[in-house]
Amino acid sequence: MGNEMEEFHKVRRLPPYVFEQVNRLKASARAGGADIIDLGMGNPDLPTPQSIVDKLCEVVQDPRTHRYSSSKGIPGLRRAQAAYYARRFGVKLNPDTQVVATLGSKEGFANMAQAITAPGDVILCPNPTYPIHAFGFLMAGGVIRSMSVEPDASFFEPLERAVRHSIPKPLALILNYPSNPTAFVATLDFYKDVIAFAKKHDIIVLSDLAYSEIYFDGAPPPSVLEVPGAMDVTVEFTSMSKTFSMPGWRMGFAVGNERLIAALTRVKSYLDYGAFTPIQVAATHALNGDGSDIAEVRNVYKRRRDVMVESFGKAGFDVPPPAATMFAWAKIPEKFRDLGSLEFSKLLVEKADVAVAPGIGFGEMGDDYVRLALVENEHRIRQAARNIKKFMSTADETMHNVISLNAHR
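Source: prediction; values computed, not measured.

(A) Here's a closer look at the layout of surface pockets. Taken as a whole, the largest pocket spans an internal volume of roughly 790 Å³. What lines the largest pocket is a set of 42 residues, and nearest its centre among them are Tyr17, Met41, Gly42, Lys106 and Tyr130. Elements supplying a minimum of two residues to the lining of the largest pocket: α2 (18-31), α5 (104-116), α6 (132-139) and β11 (357-358). Split by residue class, the lining of the largest pocket holds 23 nonpolar, 11 polar and 8 charged. In this structure, the second largest pocket spans a volume of roughly 340 Å³. Taken together, 20 residues form the lining of the second largest pocket, with Pro15, Phe135, Phe362, Gly363 and Glu364 sitting closest to its centre. Elements represented by at least two residues in the lining of the second largest pocket include exactly α2, β3 (122-126), α6 and β4 (143-147). Its residues assigned to classes, the lining of the second largest pocket shows 14 nonpolar, 5 polar and 1 charged. When residues of the lining of the second largest pocket are assigned to domains, at least three fall in each of domain 1 (9-47 + 293-395) and domain 2 (51-288).

(B) Molecular detail of the pattern of salt bridges. In total, this model carries 22 salt bridges according to the counting rule given. We note a salt bridge from Asp232 to Lys199, for which the minimum N-O separation is 2.7 Å. Placement of the pair is Asp232 in the loop between β6 (204-208) and β7 (234-239) and Lys199 in helix α8 (residues 188-201), with a sequence separation of 33 residues. The partly exposed category is assigned to Lys199, whose relative accessible area is 38%. The network of salt bridges with common partners includes Asp217, Lys302, Arg305 and Asp306.

(C) Examining the environment of Asn180 more closely. With respect to the secondary-structure elements, Asn180 resides in the loop between β5 (172-176) and α8. By relative accessible area, Asn180 is classed as buried at 2%.

Criteria and cut-off values
Residues numbered from 1 in each chain as written. Predicted model: local features only at pLDDT ≥ 70, side-chain atom pairs only at ≥ 80, totals over all residues. Heavy atoms only, no water. 1 Å grid on protein atoms, 1.4 Å probe; cavity = no way out; pocket = protein on both sides within 12 Å on 5 of 7 lines; lining within 4 Å. Points joined across faces, edges and corners; volume = space filled by probe spheres on them. Helix = DSSP H or I, 4+ residues; strand = E, 2+ residues; numbered from the N terminus. Nonpolar A, V, L, I, M, F, W, Y, C, P; charged D, E, K, R; others polar. Domains from an automatic or database assignment. Salt bridge = Lys/Arg side-chain N within 4 Å of Asp/Glu carboxyl O. Buried < 20%, exposed > 50% of the residue type's maximum accessible area, 1.4 Å probe, protein only.

What follows is the structure, encoded as structure tokens:
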């Protein structure tokens with residue numbers, strides 16, 4: 001079977017998962033006794049708030065909740081999500097027709113791709129971006145056309161070109177603000193321009209808003225659904241993973257246009273029975289809370305961000321402070337930039353006991369960068385900076401036999 005695996009059409013369409021190379025190095029180093037400070041995967045280390053855990057424990061005692069659940073989400077959970085959107089964004093949603101629970105935003109995106117994509121459909125996707133935004137559509141037979149990720153005037157010229165020159169005309173445009181990995185934040189004015197463009201050209205807008213509550217400076221990030229008329233063309237995906245430190249619970253939502261939500265709901269109904277009912281009840285409890293849990297998570301990430309920016313800067317590794325998300329997006333120090341992000345990331349594991357995510361894993365436009373996740377405590381972040389400073393200060397002496405720092409990739 002080994003060699004035949006390459007023959008499977010959908011597997012063959014997927015590029016190598018570059019993060020796996022760093023993960024293997026990381027596992028090997030740990031097996032050898034190294035204490036790896038892991039800033040690679042965006043896997044929140046904060047505990048789920050106790051009241052949410054308590055609600056799960058209470059509900060799981062009822063054997064009736066052990067049966068198959070509802071694929072689209074129990075009614076109370078969909079009502080809680082609609083109430084959250086009304087409170088947070090001033091957006092009115094019908095919980096019966098405009099809200100569906102998903103197993104995290106990743107599964108929602110992948111199944112939306114299955115629901116709407118015909119072979120050869122063109123999808124406009126930011127580059128760099130979170131991998132499922134592209135891979136979900138590639139697996140569904142779509143074709144990806146890379147777009148700019150910065151939410152400013154430069155965003156629209158490539159869009160216009162894509163509409164003029166793509167055959168068939170693009171089916172959908174993917175948005176992700178606050179952005180993973182770049183941490184860009186969009187304004188409501190930007191979203192207004194996007195919706196005007198999408199309506200003019202009859203293009204679906206799919207917005208990933210997973211980091212809506214992890215923001216640090218100024219106003220909370222808006223939802224594209226706040227734009228009048230956006231509901232006509234848009235579905236937005238959110239997740240409880242980061243907001244409530246519930247990554248392993250796999251709880252998210254898709255909300256928006258009724259026709260698109262109905263398509264996603266129908267596909268999901270064939271593929272899963274929904275999340276475990278006690279998880280859905282606990283998620284309902286979280287959404288109906290007073291927001292204090294969210295504020296504490298935000299404060300922890302802000303403190304870590306500030307420590308990382310300061311300590312890495314002193315180490316000679318400039319990290320621009322992200323305005324949102326649990327990530328920093330940093331250019332590889334100039335001395336190492338010619339190596340590319342994958343080789344640089346491997347070096348950090350081997351020489352500094354620090355793991356980061358190579359930018360190339362988010363698209364070829366990310367290859368001069370690495371993504372740093374704020375998933376270690378402040379002490380460990382400072383230790384990572386010390387390790388990196390030591391590595392960079394001795395690189396010329398210790399690496400001349402390993403790799404030429406002037407080698408162009």
